[in-house]
Amino acid sequence: MSIKDNIELIRHRIADACKRVGRNPSDIILMAVTKTISPDKIKEAIAEGIEVIGENRVQEIVQKYDAIGDKVKWHMIGHLQVNKVKYIIDKVELIHSLDSVKLAQEINKRAKSIGKKQNVLIEINIAGEETKFGIRPGELKKFIKELEIFDNLCVQGLMTVAPIVSEPEEARPYFKHMRQLYDELKEMKSPIVDARYLSMGMTADYVVAIEEGSNIVRIGTGIFGPRNYNKEED
Ligand SMILES: *Cc1c(COP(=O)(O)O)cnc(C)c1O
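Residues numbered from 1 in each chain as written. Predicted model: local features only at pLDDT ≥ 70, side-chain atom pairs only at ≥ 80, totals over all residues. Heavy atoms only, no water.

With respect to the nonpolar core
Worth spelling out the cut-off: Buried Ala, Val, Leu, Ile, Met, Phe, Trp, Tyr and Cys residues form a nonpolar core when they are joined through side-chain atoms within 4.5 Å. Exposure categories follow from relative accessible area, calculated using a 1.4 Å probe and restricted to protein chains: below 20% of the type maximum is buried, above 50% is exposed, and the middle band is partly exposed. The helix and strand labels rest on DSSP assignments: H or I over at least four residues marks a helix, E over at least two residues marks a strand, and numbering proceeds from the N terminus. Pairs of residues are marked as contacts when any of their non-hydrogen atoms sit within 4.5 Å.
Membership of the largest hydrophobic core comes to 66 residues, with the highest contact counts inside it found for Leu98, Ile107, Ile122, Leu158 and Ile223. A total of 6 residues in this core trace back to one element, the largest contributor, which is helix 1 (residues 3-21). Leaving out residues up to four positions away in the same chain, Ile223 has contacts with Ile3, Asn6, Ile7, Ile10, Leu30, Met31, Ala32 and Ile50.

Pasting the structure below:
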């Protein structure tokens, strides 16, 4: 199937999921995740109305930003190293992967230096997996408190990468838990919090994620097909 057909199908499924749970499809952001994907293919997706691009490597954001520019919004969705913040601070609308005070401090410093308030999501390791980044659910309140000294940071919500499961349905409890945390975040009334995004759901599980309250789904293979990792090393 073409990129166009894939996007159409995903939009249909998003609309169906919204109908089942009484949500408005226009409240859901369909992000195209473009790691390893060429600018030409990304432009095809943009021609189909994609407005948000997600990348998980700093180098790829920098290269593709050069080729595509700021007609779309760039989101950093992968683990971000402190020493690489400076390369993307002027390019990204939203960083989904804030997971430490050290990283927050650097983002704040770099944002301040260019007169920007940087929007971020806090990454949650919802299943406590050893292999995943993110803070534990129980640490959220304390973490928010620690961020309140940073004037050039705005916490706009939460992000998670759910565990890989054989059936999407098995991810539902994790998404439900994320929704609870998101509701708690909204009630915190912290000066640094302006909660509006719950970023969860990928190709394998976005329908369930939407049923449980996600409003940013991050889709890579569902739009572009399987990734060719050899190309990445060119
Ligand atoms: C790669 C990636 C995605 C998209 O994964 P697909 O299964 O290809 O849809 C979403 N979120 C993050 C953080 C990713 O790294």
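Section: the site of the ligand
Defined as follows: Only heavy atoms are used to decide nearness, and a residue is near a molecule or strand if one of them lies within 4 Å of it. Within 3.5 Å is the distance limit for a polar contact, defined as a pair of N or O atoms, with the added protein rule that one can donate a hydrogen and the other accept it, and that residues adjacent in sequence qualify only through two side-chain atoms. Each accessible area value is a Shrake-Rupley result obtained with a 1.4 Å probe; residue values ignore everything except the protein chains displayed when judging cover. Any residue outside Ala, Val, Leu, Ile, Met, Phe, Trp, Tyr, Cys, Pro, Asp, Glu, Lys and Arg is labelled polar, Gly included; the first ten of those are nonpolar and the last four are charged.
Around the ligand, the neighbouring residues are Val33, Lys35, Asn56, Ile77, Val161, Met202, Thr203, Arg218, Ile219, Gly220, Thr221 and Arg227. A distance of 2.4 Å separates an oxygen atom of the ligand from a polar side-chain atom of Thr203. Taking Thr221, its main chain carries an N or O atom lying 2.8 Å from an oxygen atom of the ligand. In isolation the ligand offers 390 Å² of accessible surface; the protein chains occlude 89% of this area. Of the residues contributing to the shell around the ligand, the split by class is 5 nonpolar, 4 polar and 3 charged.

Concerning unusual backbone geometry
Look at Thr36: it is not a glycine, yet its phi comes out positive at around 70°. As for its position among the elements, Thr36 is in the loop between strand 1 (29-33) and helix 2 (39-47).

A word on the pattern of salt bridges
A side chain of one charge can pair with a side chain of the opposite charge if their charged atoms are brought near each other. Our working definition: Note on definitions: salt bridges are taken to be side-chain nitrogens of Lys or Arg within 4 Å of carboxyl oxygens of Asp or Glu.
Under the criterion given, the structure shown has 17 salt bridges. For the salt bridge of Lys4 with Glu8, the shortest nitrogen-to-oxygen distance reads 3.3 Å. Of this pair, Lys4 and Glu8 both sit in helix 1, separated by 4 residues, roughly a single helical turn. Since its relative accessible area comes to 41%, Lys4 is described here as partly exposed. Given a relative accessible area of 41%, Glu8 falls into the partly exposed group. Note that Glu169 is salt-bridged to Arg172, the shortest N-O span being 2.4 Å. Taken together, the shared-partner salt bridges in this structure form one network comprising Arg20, Glu169, Arg172, Lys176, Glu211 and Glu212.

Notes on the packing of aromatic side chains
Heads up, the rule is: To pair, rings of Phe, Tyr and Trp, with the six-membered ring standing in for Trp, must have centres within 6.5 Å; the planes then decide the type, stacked if under 30 degrees apart, edge-to-face if over 60, and tilted in the middle. Only Lys NZ and Arg CZ are tested; either one counts as a charge over a ring when it is within 6 Å of the ring centre and within 35 degrees of the ring normal.
Summed over the entire model, instances satisfying the criterion amount to 1 aromatic pair. On the basis of an interplanar angle of 55° and a centroid distance of 6.0 Å, the ring pair of Tyr65 and Trp74 is categorised as tilted. With respect to class, Tyr65 is no different from Trp74; both count as buried. Here the basic side chain of Lys91 rests over the ring of Tyr65, its NZ or CZ set 5.6 Å away from the ring centre.

Structural notes on the UniProt feature "modified residue: N6-(pyridoxal phosphate)lysine" (unreviewed entry) in the protein
Note the threshold: UniProt positions are given in the numbering used here, feature names are shortened, and annotations may be inferred rather than shown by experiment.
UniProt feature "modified residue: N6-(pyridoxal phosphate)lysine" (unreviewed entry): in the numbering of this structure it lies at Lys35. Within the secondary structure layout, Lys35 lies in the loop between strand 1 and helix 2. Under the relative-accessibility criterion, Lys35 is labelled buried at 17%.

Digging into the packing of helix 2 against helix 3 (residues 58-68)
Quick note on the threshold: Angular values range over 0 to 180 degrees, each being the angle between N-to-C directions of two axes fitted as lines to C-alpha atoms, with helices fitted over their stretch in contact. Angular relationships are summarised with four words: roughly parallel below 35 degrees, roughly antiparallel beyond 145, roughly perpendicular across 65 to 115, and oblique for the angles in between. Throughout, a crossing is termed right-handed when the near helix is turned clockwise from the far one, and left-handed when it is turned anticlockwise from it by less than a right angle.
At a closest axis distance of 10 Å, the pairing of helix 2 and helix 3 adopts a crossing angle of 60°. Put simply, helix 2 runs oblique to helix 3. Pair helix 2 / helix 3 crosses with right-handed handedness. For the pair formed by helix 2 and helix 3, the contact residues are Pro39, Ile42, Lys43 and Ile46 on the first element and Lys64, Ala67 and Ile68 on the second. Across the contact of helix 2 with helix 3, the residue classes tally to 5 nonpolar, no polar and 2 charged.

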